[in-house]
Amino acid sequence: MRETRNLVVIPTYNERENIEPLVRQILQYPGFSVMVVDDQSPDGTGAAADALARECPDRVEVVHRTGKRGLGLSYLDGFQLAVKRDVDLVCQMDADFSHDPKYLPALASAAADHDLVVGSRYMNGISVVNWPLQRLILSTLANRYIRAVTGLAVSDCTGGFRCWRREALARIPLDRIVSDGYAFMVEMLFEAARQRCRIGEVSIVFVERRIGTSKLSGGVLLESILMPWRLRLRALLGRGARRTGIPPGV
Ligand SMILES: Nc1nc2c(ncn2[C@@H]2O[C@H](COP(=O)(O)OP(=O)(O)O)[C@@H](O)[C@H]2O)c(=O)[nH]1
Ligand SMILES: [Mg+2]
């Protein structure tokens, strides 16, 4: 079988110390290339990524965003470009080593018979390292709540380590995605289910970052509480490409 061509989209904001070792690790896997989407990080992450792109122009590209800052907006810009690239799979992951590149081959091979593969922290019990108990409780409860409200049957709806078949990602109405942060992950999953994507999961161990600081908090948490209801309403009203609502059990 021909080796798949896989593009990994990585949004960055102040990840200067992480980006170079991360990209080098990913490039060790044949068939993988990288698109860094930097939001004008004040710490010079964009310049560090540019240096990697100069070194490996065939396998590293950098998108320098100039619009409003945001994880969701960065992914949308990256995905709009990625679906036009000559690749089979589009992966997404954080830049802070919480998502270990060693799982990329497993995600990619599961994408042979799925349209979207989710790296799950909650598939075999809980596989999260170095989170305070309250964050773990919040995340597991949030996932239960999201599943109950939206009907999604995925153990980890808020994680950002995923692998899409490019054609499946191209079917998602990216111009209509409205949310950021964790809610962005839920909204993308929900739209994938509405497009009848075959969604699979691969168990991953998530390790909290050692270098740098988290940028997601406060507002994005509130958004993720409200978004599931908005999505349910969207399905009821039949807004979007499909008019039939979400299929049962997705
Ligand atoms: N481009 C871009 N990347 C972001 C932004 N906020 C967070 N990120 C990146 O998104 C990933 C996850 O963010 P992080 O702060 O680690 O969130 P946490 O893992 O939920 O604590 C990391 O690669 C961040 O650098 C943003 O506003 N713009
Ligand atoms: Mg993180």
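Residues numbered from 1 in each chain as written. Chains lettered and ligands numbered in written order. Predicted model: local features only at pLDDT ≥ 70, side-chain atom pairs only at ≥ 80, totals over all residues. Heavy atoms only, no water.

## Describing the overall build of the protein chain
Along its length, the protein chain carries 8 helices and 9 strands. Taking 18 Å as the expected radius of gyration for a compact globule of 250 residues, we find that the protein chain reaches 17 Å, a close match to that expectation. Looking at the protein chain residue by residue over its 250 residues, the buried ones come to 53%. For the protein chain, restricting intrachain contacts to residue pairs at least 6 apart in sequence, the fraction spanning at least 24 positions comes to 81%. As presented, the protein chain carries roughly 11,400 Å² of accessible surface, and 55% of it is formed by carbon and sulfur atoms. Seen as two clouds, the 33 positive and the 28 negative side-chain charges of the protein chain have centres 7 Å apart. (Helix = DSSP H or I, 4+ residues; strand = E, 2+ residues; numbered from the N terminus. Rg over C-alpha atoms; globule rule 2.2 N^0.38 Å. Buried < 20%, exposed > 50% of the residue type's maximum accessible area, 1.4 Å probe, protein only. Contact = heavy atoms within 4.5 Å. Areas by Shrake-Rupley, 256 points an atom, 1.4 Å probe, with all protein chains shown as cover. Lys, Arg positive; Asp, Glu negative; His and termini not counted. Charge placed at Lys NZ, Arg CZ, Asp CG, Glu CD.)

## A look at the site of ligand 1
In the vicinity of ligand 1 there are 19 residues, among which E15, D39, R209, S214 and K215 approach most closely. A distance of 3.1 Å separates a nitrogen atom of ligand 1 from a polar backbone atom of T12. Between an oxygen atom of ligand 1 and a side-chain N or O atom of Y182, the distance comes to 2.8 Å. Coverage of ligand 1 by the protein amounts to 97% of the 570 Å² it exposes when considered alone. (Near = heavy atom within 4 Å. Polar contact = N/O pair within 3.5 Å; in protein donor to acceptor, adjacent residues only side chain to side chain.)

## What about the sheet that holds strand β4 (residues 89-92)?
Strands belonging to one sheet form pairs held by backbone hydrogen bonds; the direction of such a pair is parallel or antiparallel. In spatial order, the strands read β3-β2-β1-β4-β7-β5-β8; together these 7 strands make up an open sheet with mixed pairing. In this open sheet, the two edge strands, each paired with only one partner strand, are β3 (60-64) and β8 (199-203). On average, adjacent strands in this sheet sit at an angle of 20° to one another, irrespective of strand direction. Sitting on the sheet, helix α2 (residues 45-55) is in contact with β1 (6-12), β2 (32-38) and β3, with an inclination near 150° to β3. Contacts from helix α7 (residues 181-194) reach β4, β5 (116-120), β7 (162-165) and β8 within the one sheet, and its direction differs from that of β7 by about 35°. (Pairing = 2+ DSSP bridges. Axes fitted to C-alpha atoms, helices over the stretch in contact; angles between N-to-C directions.)

## A word on the packing of aromatic side chains
Using the criterion set out here, one finds 5 aromatic pairs in the structure. Ring centres 5.9 Å apart and planes at 0° place the aromatic pair Y75 and F184 in the stacked group. Within this pair, whereas Y75 is found in helix α3 (residues 71-82), its partner F184 is found in helix α7, the two being separated by 109 residues in sequence. The pair Y75 / F184 is uniform in exposure class, with both members buried. Centre to centre, the rings of Y103 and F161 are 6.5 Å apart; their planes meet at 75°, and the pair counts as edge-to-face. Here F161 lies in the loop between α5 (133-150) and β7 and Y103 lies in the loop between β4 and α4 (104-110), a separation of 58 residues in the sequence. In this pair, the class of Y103 matches that of F161, namely buried. Taken together, the ring pairs in this structure connect Y75, F79 and F184 into an aromatic cluster. (Phe/Tyr/Trp six-rings, centres within 6.5 Å; stacked < 30°, edge-to-face > 60°.)

## Some details on the confidence of the model for the protein chain
Residues of the protein chain with pLDDT of at least 70 account for 93%, and the chain-wide mean is 92. This stretch, residues 241-250, has a pLDDT under 50; its non-local contacts, to residues over four places away or in other chains, come to 22 contacts. (pLDDT = per-residue confidence, 0-100.)

## As for the packing of helix α1 (residues 16-27) against α2
At their nearest, the axes of α1 and α2 sit 8 Å apart, and the two run at 25° to each other. Between α1 and α2, the angle falls in the class roughly parallel. Remark: the crossing between α1 and α2 carries right-handed chirality. On the side of α1, the interface is formed by R16, I19, E20, V23 and R24, while α2 contributes T45, A48, L52 and E55. Counted by class, the contact of α1 with α2 contains 4 nonpolar, 1 polar and 4 charged residues. (Parallel < 35°, antiparallel > 145°, perpendicular 65-115°, else oblique. Left-handed = near helix turned anticlockwise from the far one by under 90°. Nonpolar A, V, L, I, M, F, W, Y, C, P; charged D, E, K, R; others polar.)

## Focus on the pattern of salt bridges
Summed over the entire model, instances satisfying the criterion amount to 17 salt bridges. Where R24 meets E55, a salt bridge forms, and the shortest distance between an N and an O atom there is 2.9 Å. Of this pair, R24 sits in helix α1 while E55 sits in helix α2, placing them 31 residues apart in sequence. What makes R24 partly exposed here is its relative accessible area of 35%. Between E167 and R165 there is a salt bridge whose closest N-O contact spans 3.8 Å. (Salt bridge = Lys/Arg side-chain N within 4 Å of Asp/Glu carboxyl O.)

## Topic: the packing of α3 against α7
For the pair α3 and α7, the least separation of the axes is 8 Å and the interaxial angle reads 45°. Between α3 and α7, the interaxial angle falls into the category oblique. In contact with L71, G72, Y75, L76 and F79 of α3, α7 contributes G181, F184, M185 and M188. Grouping the amino acids of the contact of α3 with α7 by side-chain chemistry returns 7 nonpolar, 2 polar and no charged.

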